[in-house]
Amino acid sequence: MACGRQVANFGAGPAKLPRSVLLEAQKELVDYKGIGISVLEMSHRTSDFTKILNTAENLVRELLNIPENYKVMFLQGGGSGQFSAVPLNLISLKEGRHADYVVTGAWSAKAAKEAEKYGKVNIVHPKLGTYTNIPDPSTWNLNPDASYVYYCANETVHGVEFDFVPDVKGAVLVCDMSSNFLSRPVDVSKFGVIFAGAQKNVGCAGVTVVIVREDLLGFALKECPVVLDYKTQAVNGSLYNTPPCYSIYIMGLVLEWIKNNGGAAAMDRLSLIKSRMIYDIIDKSNGFYVCPVEKKSRSRMNVPFRIGSIKGDEALEKKFLEKAVELNMISLKGHRSVGGIRASLYNAVTVEDVQKLATFMRSFMQMYQS
């Protein structure tokens, strides 16, 4: 295969995939393991696809050391589908239909708003003026009658990440891990539900990993759509309806790559190295680069920053993005709701990619810093 243009992709999701995974998928695209058809054409009821599905599940279980009393499902609808599925399945665990939400960015805010359709939502802390930190858990006002407590482990838009698992006093803990899933080890036993869209750290768009403790199955509201019913999906082994077969296949390849490269602990070490490289330049730039997030809440996955000042010099930022593209570094533009620059440093983004960005950031600063 001709190499073609080699770019460093800092996209926030869908995001970079390991090159070895893309080459493997290319090799197997037309004829999967000699069976004469592509995974794209394969029935989800065949023994060949069953192997693909089981391999992916076994790898998720192994990489996260998931206890036996948890179900692992591969569903459709993305993280946003789970914003609905979580309350539809869990809000009736206790009478009154109450749920606690920790809102630290755009995605947890959307999740809380969606949950309001199905019950009473308590935001456990005063509304934040800006999403630049995680409120001290000692100040949270948890409702003892809440069916569950929900938070988002990493906010991709605002670059805010939890570096701890909240202590919710034995309540059912639900976590959206879409953007830091398998970027560090996690004690799954502390959670009732974990979900994650695959398209950032573990695969391509189309499949969402949902991990549910077995005792939480069977409580769906009667109005819950059947495809969002955790018990239905668990009993049917993610095959109640046709699953996103090719996305599951790609995820299996990425999970194998993570395993072969040292697992979640190795991904964590690399994440720290990569993110520190960029934060160090920001912090030593005398205000040329500005990250609005408090240091203790900074994300290893998504590094947002402005250029020139805290509010950003749009002309400078435009030059930065144009020059980056010339140097084959793409998808560095910040989310449309916040502007600026954002470098996403997911598992497949290499240290060499980040070194290239760091070198460019230094040279750009030398050229334009007044």
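Cut-offs applied
Positions within a chain are numbered from 1, following the residues in the order the chain's sequence is written. The predicted origin of the model limits local features to residues at a pLDDT of at least 70 and limits the giving and counting of side-chain atom pairs to 80 or more, whereas totals for whole chains, interfaces and linings rest on all residues. To get the side-chain values, all heavy atoms of the structure are used, and hydrogens and water are removed first. Side-chain rings of Phe, Tyr and Trp, where Trp is taken by its six-membered ring, are said to pair if the distance between their centres is within 6.5 Å; with planes under 30 degrees apart they count as stacked, over 60 as edge-to-face, and otherwise as tilted. Strands here mean DSSP runs of E at least two residues long; helices mean DSSP runs of H or I at least four residues long; both are numbered from the N terminus. Remark: exposure states derive from per-residue accessible area (1.4 Å probe, protein chains only) relative to the maximum for the residue type, with buried under 20%, exposed over 50%, and partly exposed in between. A pair of strands is treated as paired once DSSP finds two or more bridges between them. For the handedness criterion, the strands are oriented away from the viewer, and a crossover whose path from the first strand over the helix to the second runs clockwise is classed as right-handed. Note on definitions: angles span 0 to 180 degrees between N-to-C directions of axes, and those axes are lines fitted to C-alpha atoms, for helices only across the stretch in contact. For this analysis, residues touch if any pair of their heavy atoms sits within 4.5 Å. Salt bridge criterion: a side-chain nitrogen from Lys or Arg within 4 Å of a carboxyl oxygen from Asp or Glu. Working definition of a nonpolar core: buried Ala, Val, Leu, Ile, Met, Phe, Trp, Tyr and Cys residues. They are joined through side-chain atoms within 4.5 Å.

Draft legend 1. Structural detail: the packing of aromatic side chains. Counted under the stated rule, the structure contains 19 aromatic pairs. Here the aromatic rings of Phe83 and Trp107 are separated by 6.4 Å at their centres, their planes lie at 45 degrees, and the arrangement is tilted. Here Phe83, found in helix H3 (residues 78-90), pairs with Trp107, found in helix H4 (residues 106-115); they are 24 residues apart in sequence, far enough to count as distant. Given a relative accessible area of 25%, Trp107 falls into the partly exposed group. Where Phe288 meets Phe364, the ring centres are 6.2 Å apart and the plane angle is 45 degrees; that geometry is what we call tilted.

Draft legend 2. Looking closely at the pairing of strand S3 (residues 98-101). Pairing analysis gives four bridges linking S3 to strand S4 (residues 120-123), with the strands arranged parallel. If you follow Asp100 over to S4, its bridge partner there is Asn122. Between the parallel pair S3 and S4, the chain is carried across by H4, and the sense of this crossover is right-handed. Bridge count for S3 against strand S5 (residues 149-152) is two bridges, and the pairing is parallel. Among the inter-strand pairings, Asp100 is bridged to a residue of S5, identified as Val149.

Draft legend 3. Examining the sheet that holds strand S9 (residues 193-197) more closely. With respect to topology, seven strands assemble into an open sheet ordered S2-S10-S9-S8-S5-S3-S4, the strand pairing being mixed. A strand with exactly one partner marks an edge of an open sheet, and here the two such strands are strand S2 (70-75) and S4. Taken over all neighbouring pairs, the strand axes of this sheet differ in orientation by 20 degrees on average, direction set aside. Relative to strand S10 (residues 208-213), S2 runs antiparallel, the two sharing six bridges. By the bridge assignment for S10, Phe74 is matched with Val209. Strands S2 and S10 of the sheet are contacted by helix H2 (residues 47-64), whose axis makes an angle of about 130 degrees with S2.

Draft legend 4. Just the pattern of salt bridges, in detail. Under the defined criterion, the tally for this structure stands at 19 salt bridges. The partner of Glu161 in a salt bridge is Arg184, and the shortest N-O contact between them spans 3.5 Å. One end of the pair, Glu161, is in strand S7 (residues 160-161); the other, Arg184, is in the loop between strand S8 (173-176) and S9, with 23 residues separating them in the sequence. Across the pair, exposure class does not vary: Glu161 and Arg184 are buried alike.

Draft legend 5. Structural view of the pairing of S9. The element S9 is largely enclosed, with a buried count of five among its five residues. Burial of the side chains of S9 extends over both faces: Val193, Phe195 and Gly197 are buried on one face and Ile194 and Ala196 on the other. When S8 meets S9, the two strands line up parallel, connected through three bridges. Bridging from a neighbouring strand, Asp176 pairs with Phe195 of S9. In this structure, S9 lies alongside S10, joined through five bridges in antiparallel fashion. Within S10, the position partnered with Ala196 by the bridge is Val209.

Draft legend 6. Spatial organisation of the nonpolar core. In this structure, Phe181, Ile211, Tyr289 and Phe320 are the most contacted members of the largest nonpolar core, which totals 86 residues. In terms of residue count, helix H6 (residues 245-260) provides more of this core than any other element does, 10 residues in total. Among all residues touching Tyr289, those that are not within four sequence positions of it are Ile281, Ile282, Phe305, Arg306, Ile307, Phe320, Met361, Phe364 and Met365. Ranked by size, the runner-up nonpolar core spans 32 residues in total, among them Leu88, Val172, Val174 and Leu221.

Draft legend 7. Region of the structure containing the sheet that holds strand S11 (residues 289-290). Strand order in the open sheet formed by three strands is S11-S12-S14, with antiparallel pairing between adjacent strands. The open sheet terminates on both sides in strands that have one partner only, identified here as S11 and strand S14 (341-344). Relative to S14, strand S12 (residues 302-307) is paired through four bridges, and the arrangement is antiparallel. Bridge pairing in S14 links Asn302 to Ser344. On top of the sheet, helix H7 (residues 263-283) reaches S11 and S12; it is set at about 20 degrees to S12, its chief contact.

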